[in-house]
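Per-entry structural report
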Amino acid sequence: MTDTWKTIARLVRRLEDHSTLPREQRILLQLLKIQEEAGEVAEAVIGAMGQNPRKGHSHTWDDVEAEVCDVIVTGMVALARMNPDARAVFARHMDRIASRDLAAPSRADDARPADGHLAPATGQQP
């Protein structure tokens, strides 16, 4: 498996080498890219549910998962472009989330399906 943060660093270098814009503008555009990718998640969900009358079932739940991954990667790239120590920033943030949200078991944990999934199974319609 690829080291995720090394791949993110390579993507950042590629983007930085490609752009001639000032740093602040590069970061702002990268942050806007997160929203663009989130829109692609919405499009995929609509397509997976067959709710676009012109397109019907144009996407699968595998497509939705791929688009969610794109949002995550884009966010990681944005963080790395903002802060060269992104790995540590993200780790600290995850520690805060874990201590805040996982300190004591919640009733929601009891309601989760046995497979841990909240969305329809891959490739299935809801």
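Remember, predicted model here, so these are calculated numbers, not experimental data.

Another aspect to go through is the overall build of the protein. Secondary structure summary: the protein contains five helices and zero strands in total. Scored against the burial criterion, the 126 residues of the protein give a buried share of 18%. Sequence-distant contacts in the protein: of pairs separated by 6 or more residues, those separated by 24 or more amount to 64%. With an accessible surface of roughly 9,300 Å², the protein has 58% of that area assigned to carbon and sulfur atoms.

With that out of the way, let us pick up a nonpolar patch on the surface. Taken together, the side chains of Leu21, Leu29 and Leu32 present a nonpolar region at the surface, about 280 Å² in accessible area. The topology assignment puts Leu32 in helix 2 (residues 23–48).

In this section: the nonpolar core. Trp5, Ile8, Val12, Met76, Val77, Ala80 and Ala86 form the largest nonpolar core, which has seven residues in total. Elements with a contribution of two residues or more to this core: helix 1 (4–18) and helix 3 (61–82). Not counting the four nearest positions on each side in its chain, Ala80 is found in contact with Ile8, Val12 and Ala86.

Conventions and cut-offs
Residues numbered from 1 in each chain as written. Predicted model: local features only at pLDDT ≥ 70, side-chain atom pairs only at ≥ 80, totals over all residues. Heavy atoms only, no water. Helix = DSSP H or I, 4+ residues; strand = E, 2+ residues; numbered from the N terminus. Buried < 20%, exposed > 50% of the residue type's maximum accessible area, 1.4 Å probe, protein only. Contact = heavy atoms within 4.5 Å. Areas by Shrake-Rupley, 256 points an atom, 1.4 Å probe, with all protein chains shown as cover. Patch = residues over 30% accessible without salt bridge, like charges linked within 9 Å, V, L, I, M, F, W, Y side chains within 5 Å. Salt bridge = Lys/Arg side-chain N within 4 Å of Asp/Glu carboxyl O. Core = buried A, V, L, I, M, F, W, Y, C linked by side-chain atoms within 4.5 Å.

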